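# Working through the structure, step by step
Read off the chains here:
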Amino acid sequence: MNSTTLSLPAPAKLNLFLHITGRRANGYHELQTLFQFLDYGDTLHFNRRDDDQLQLLTDLPGVDAEDNLIMRAARLLREASGSQLGADIRLEKVLPMGGGIGGGSSDAATTLLGLNQLWQTGLSLEQLAELGIRLGADVPVFVHGKAAWAEGVGEQLTPVELDEPWFLVVAPDCHVSTAEIFSDQRLTRDTSPITLAAFREHGGRNDCLPVVTTRYPEIRNTLILLNKYCEAKMTGTGSCLFGAFPNECEADKVRARLPATLRSFVARGCNVSPLHRALQKQA
Ligand SMILES: C[C@@](CO)(OP(=O)(O)O)[C@H](O)COP(=O)(O)OP(=O)(O)OC[C@H]1O[C@@H](n2ccc(N)nc2=O)[C@H](O)[C@@H]1O
Ligand SMILES: Nc1ncnc2c1ncn2[C@@H]1O[C@H](COP(=O)(O)OP(=O)(O)O)[C@@H](O)[C@H]1O
């Protein structure tokens, strides 16, 4: 690989729990959540151009190229850095969209870090995370790349060391819009704040689950199915559900018992993002 091309992972995340503790005047919700990465995700290929053209060479169904978070991240970095360079970008999409596993946000973060390197723009992780929050509440955790306890709207991050179990992730065939769940009148918005120590002792829940399972019977049914084999949880605002296992073999065994029509994968939980591991390898 030479200095004009770069291929990097854009991993998924899980919200190990998600509490909604309030609502801000601008409508955004105050959250408490724990983010952990998965060793599984999309891959982005960047090719530096010496003219100022930015091109996304991969079509994502239902998303205009100019609205794709990859292009939005690239434009934002170019504006912020004043770079005159361009890029051709190719996306290998494997993450289900609208699944609560952060694929779009992760693609955006990988673009910020990848082009920062390729264009030699020299922004710090802190500066890249500030750009990222303008694209989505989940982008900063992917930029910083450490499993984290998150508060605020998800941008106040404290790195944490967690167990790294294997996860079985199941993606019911429906696309949940985050905005739609957060605007539902029935959503619980007044959970009392907890501490990390309290979470470690008693666990936590996902406050979005009752609204999501009411609106999406398919997710409710999949939750019932997965609960037969493990303690099933939902990530973010859904649709993906997951269970934790001590090793890959146990997770695979349960996966083999699920209907073949149900999309699923097994991946390792990671406290350091595979994106940051890949960048370190190149350094
Ligand atoms: C709920 C979480 C938990 O990780 O994940 P997802 O299920 O989307 O992955 C996130 O906070 C989502 O982050 P992200 O997907 O980046 O959301 P954004 O694009 O910033 O916001 C989409 C919409 O959700 C609502 N929203 C989002 C975050 C938040 N803290 N409060 C909100 O009310 C707003 O209506 C906003 O317009
Ligand atoms: N590169 C991208 N990958 C996925 N979704 C994208 C991307 N760019 C824009 N989007 C839009 O963002 C929405 C949320 O995507 P995604 O991050 O996959 O879900 P979630 O926030 O539930 O984890 C998609 O439905 C799509 O309209």
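In this text, all values refer to a predicted model and were calculated from it rather than measured experimentally. (Residues numbered from 1 in each chain as written. Chains lettered and ligands numbered in written order. Predicted model: local features only at pLDDT ≥ 70, side-chain atom pairs only at ≥ 80, totals over all residues. Heavy atoms only, no water.)

### Observations regarding the site of ligand 2
Around ligand 2, a shell composed of 17 residues is seen, among which Asn68, Gly100, Gly102, Gly104 and His175 lie nearest. At a separation of 2.7 Å, an oxygen atom of ligand 2 approaches a polar backbone atom of Gly104. Protein contacts shield 81% of the accessible area of ligand 2, which totals 540 Å² for the unbound molecule. With 4 residues, helix 2 (residues 103-118) is the largest single contributor of residues to the shell around ligand 2. Taken together, the residues of the shell around ligand 2 sort by class into 6 nonpolar, 9 polar and 2 charged. (Near = heavy atom within 4 Å. Polar contact = N/O pair within 3.5 Å; in protein donor to acceptor, adjacent residues only side chain to side chain. Areas by Shrake-Rupley, 256 points an atom, 1.4 Å probe, with all protein chains shown as cover. Helix = DSSP H or I, 4+ residues; strand = E, 2+ residues; numbered from the N terminus. Nonpolar A, V, L, I, M, F, W, Y, C, P; charged D, E, K, R; others polar.)

### Comments concerning the site of ligand 1
Ligand 1 sits among 18 residues. The nearest are His29, Ala137, Asp138, Thr178 and Thr237. For ligand 1, an oxygen atom lies 3.1 Å from a polar atom in the side chain of Asn15. One nitrogen or oxygen atom from the main chain of Ala137 is found 2.9 Å from an oxygen atom belonging to ligand 1. Look at ligand 1: alone it shows 690 Å² of surface, and the protein chains cover 82% of it. Spatially, ligand 1 is embedded in the largest pocket. Looking at the shell around ligand 1, the elements with two or more residues in it are strand 1 (5-23), strand 2 (29-49) and helix 5 (178-182). Its residues placed into classes, the shell around ligand 1 shows 7 nonpolar, 9 polar and 2 charged. (1 Å grid on protein atoms, 1.4 Å probe; cavity = no way out; pocket = protein on both sides within 12 Å on 5 of 7 lines; lining within 4 Å. Sits in = over half its atoms within 2 Å of the grid points.)

### Comments concerning the confidence of the model for the chain
For the chain, mean pLDDT is 96; residues scoring 70 or higher make up 99% of the total. Predicted as a complex, the structure gets a pTM of 0.96 and an ipTM equal to 0.94. (pLDDT = per-residue confidence, 0-100.)

### Considering the UniProt feature "active site" (unreviewed entry) in the chain
Summarizing the sequence annotation, UniProt attributes the feature "active site" (unreviewed entry) to Lys13 and Asp138 in the numbering used throughout. Spanning 126 residues, the named residues form one tight spatial group whose C-alpha atoms are at most 9.4 Å apart. Considering only the annotated residues already named, the ones lining the largest pocket are Lys13 and Asp138. Structurally, Lys13 can be placed in strand 1. What makes Lys13 buried here is its relative accessible area of 2%. Each residue touching Lys13, except ones within four places of it in the same chain, is listed here: Phe35, Gln36, Phe37, Gly100, Ile101, Gly102, Asp138, Phe142, Thr235 and Gly236. In terms of polar contacts, Lys13 uses its side chain to reach the backbone carbonyl oxygen of Gly100, at 2.8 Å. Within the fold, Asp138 resides in the loop between helix 3 (125-133) and helix 4 (139-144). Leave out the neighbours within four places in its chain, and Asp138 touches Lys13, Phe35 and Ser105. (UniProt positions renumbered as here; feature names shortened; annotations may be inferred. Buried < 20%, exposed > 50% of the residue type's maximum accessible area, 1.4 Å probe, protein only. Contact = heavy atoms within 4.5 Å.)

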